Amino acid sequence: MELTFLGTSAGLPSTTRNVTAIVLNPQNNQTGLWLFDCGEATQHQMLRASANPGKIEKIFITHLHGDHIFGLPGLLCSRSMAGCETPLEVYGPAGIAEFIETALRLSGSWTSYPLHIHEITEGQVIDDGELIVTAYPLTHPVVCYGYRIEEHEKPGTLDAAALKAAGVTPGPLFQQLKRGETVTLEDGRKLCGADYLSAPRPGKKVAIFGDTGPTAQAEALARDVDLMVHETTLEAAMAEKANSRGHSTTHQAAALARDAGAKRLVMTHFSSRYSAADCQRLLAECQSIFPASELAEDFLTLTV
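Since this is a predicted model, take the numbers as computed values, not measurements.

S.K.: What should I look at first to understand the side chain of T250 in this one?
M.R.: Turning to its location among the elements, T250 is positioned in helix α9 (residues 250-260). In contact with T250, not counting residues within four places along its chain, are T232, L234, E235, A236, M267, L282, E285 and C286.

See the structure below:
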């Protein structure tokens, strides 16, 4: 999987940071892109990041605050005006359908492609056979979710040397055995693929948090993930202010990453009060608790 940050600012944009949006490229056998949140001017950021809006197949909205959804009507319309006919699925909290439908109706707009809007609740959102997405409720003034994205287990490695020793030459039989199937050789022998496969490999896991203060659900959302994306809206000394508004500090995000067993923490959603130099100080605060902390910037791309 690959993540590209299109916006990393909280509340309002700055000269160097746009408001929240993240593009996920699932890769594997999938050719489409997924978008998590869609703040104002996300489509402009996509142009600069060479992310084709026509390739967006799924959009996941964490909550209905403007800095996470005000770019959505424009993106939907631009996708249509470009002649895109690929279906689009939008997932988000209750109210997302009314927001989209009202914006399109009042502006006299429409989509040239099938648009399906799903209002979600806690629990599994999708399982497309390759990726499972689960929504976890967070702590914020409005209903807000975090999304856990998990790849299905990968098949184990085929023991090619053992198969060759058994008289099987590389080719179609290898593919069948790789799928765990039983094959019959020309001499009548039957070979079971499971006997020649190593243990399945666990898939990659990513947690993308919406806005949240400390919450009991957070550790389950982030448990053992390869990459955890979490807001660090304010510095550690401003915990009372951050939490009263449904946000987290550097120390709180870092402690969660440590306690949940995450491999990496990517900090995002920074208050516009912080300059680039200030953000380095926020990074140091996180790293003092969780050394594998990284600072998100607009157009940063990470491979998981």
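S.K.: Just to check I follow, could you spell out unusual backbone geometry for this structure?
M.R.: Negative phi characterises most residues that are not glycine, and trans characterises most peptide bonds. Positive phi, close to 60 degrees, is recorded for D224, a residue that is not glycine. For H269, which is not glycine, the phi torsion reads 60 degrees and is therefore positive. With respect to the secondary-structure elements, H269 resides in the loop between β15 (265-268) and β16 (270-271). In this structure H269 comes out as buried when scored by relative accessible area, which is 3%.

S.K.: Got a minute to help me understand the domain arrangement of the protein in this structure?
M.R.: Parsing the protein into structural domains produces domain 1 (2-153 + 203-303) and domain 2 (160-195). Placing a centre on the C-alpha atoms of domain 1 and another on those of domain 2 gives a separation of 44 Å.

S.K.: Is there a simple way to explain the pairing of strand β13 (residues 205-208) in this structure?
M.R.: Put simply, side chains in a regular strand alternate between the two faces of the sheet. Side-chain alternation along β13 places K205 and A207 on one buried face and V206 and I208 on a second face that is also buried. Relative to β13, strand β10 (residues 145-151) runs antiparallel, the two sharing 4 bridges. Bridging from a neighbouring strand, Y147 pairs with I208 of β13. For β13 and strand β14 (residues 227-231), the ladder comprises 3 bridges, and the chain directions are parallel. When the sheet's bridge partners are listed, I208 is paired in β14 with V229.

S.K.: Can you help me understand the packing of helix α3 (residues 72-81) against helix α4 (residues 96-106) in this one?
M.R.: The relative placement of two packed helices comes down to the angle between their axes together with the axis-to-axis distance. Closest axis-to-axis distance for the α3/α4 pair is 10 Å, and the angle between their directions is 60 degrees. The angle between α3 and α4 places the two elements in the oblique class. Every pair of crossing elements has a handedness; the one defined by α3 and α4 is right-handed. Across the interface between the two elements, L72, P73, L76 and C77 of α3 pack against I96, F99, I100, A103 and L104 of α4. Counted by class, the contact of α3 with α4 contains 9 nonpolar, no polar and no charged residues.

S.K.: Explain the pattern of salt bridges to me, please; I cannot follow it from the model alone.
M.R.: Where charged atoms from two side chains of opposite charge approach closely, those side chains can pair. All chains considered together, the criterion is met by 10 salt bridges. With a shortest N-O distance of 3.3 Å, R148 and E150 are connected by a salt bridge. Judged by its relative accessible area of 7%, R148 is buried. It is possible to trace a salt-bridge network through shared partners that takes in E235, D278 and R281.

S.K.: Got a minute to help me understand the sheet that holds strand β9 (residues 131-137) in this structure?
M.R.: Two orientations exist for strands paired in a sheet by backbone hydrogen bonds: parallel and antiparallel. Spatially, the 7 strands line up as an open sheet ordered β8-β9-β10-β13-β14-β15-β17, and their pairing is mixed. Among the strands making up the open sheet, the edge pair consists of β8 (123-127) and β17 (293-295). Taking the axes of each pair of neighbouring strands and ignoring which way they run, one obtains an average angle of 20 degrees across the sheet. Pairing of β8 with β9 involves 4 bridges; the strand directions are antiparallel. Counted as the bridge partner of G123 is A135 from β9. Against the sheet, α9 touches β14 and β15, its axis set at about 160 degrees to β14. Strands β15 and β17 of the sheet are contacted by helix α10 (residues 276-287), whose axis makes an angle of about 170 degrees with β17.

Rules of the game
- Here the residue numbering is sequential within each chain, running from 1 through the sequence in written order.
- Note on the predicted model: pLDDT of at least 70 is required for a residue's local features to be given, and 80 or more for side-chain atom pairs to be given and counted; whole-chain, interface and lining totals, by contrast, use all residues.
- Just so you know, side-chain values use all the structure's heavy atoms and leave hydrogens and water out.
- Only DSSP runs of H or I with at least four residues qualify as helices, and only runs of E with at least two residues qualify as strands; both kinds are numbered from the N terminus onward.
- Residue contacts are defined here by distance: any two heavy atoms, one from each residue, within 4.5 Å place the two residues in contact.
- Per-residue accessibility, obtained with a 1.4 Å probe over protein chains only, is compared with the maximum for each type, and a residue is labelled buried under 20%, exposed over 50%, and partly exposed between these values.
- Each domain span listed reflects an automatic or database assignment of domains.
- Here, strands pair whenever DSSP counts at least two bridges between them.
- Lines fitted to the C-alpha atoms define the axes, with helices restricted to the stretch that makes contact. Angles between their N-to-C directions range from 0 to 180 degrees.
- Our angle categories are set so that under 35 degrees counts as roughly parallel, over 145 as roughly antiparallel, 65 to 115 as roughly perpendicular, and the remainder as oblique.
- Crossing handedness is read from the near helix: turned anticlockwise from the far helix by less than a right angle, it gives a left-handed crossing, and turned clockwise, a right-handed one.
- Residue polarity is assigned by list, with Asp, Glu, Lys and Arg as charged and Ala, Val, Leu, Ile, Met, Phe, Trp, Tyr, Cys and Pro as nonpolar; anything else, Gly included, falls into the polar class.
- Within this document, salt bridges are pairs made up of a side-chain nitrogen of Lys or Arg and a carboxyl oxygen of Asp or Glu, the two lying within 4 Å of each other.

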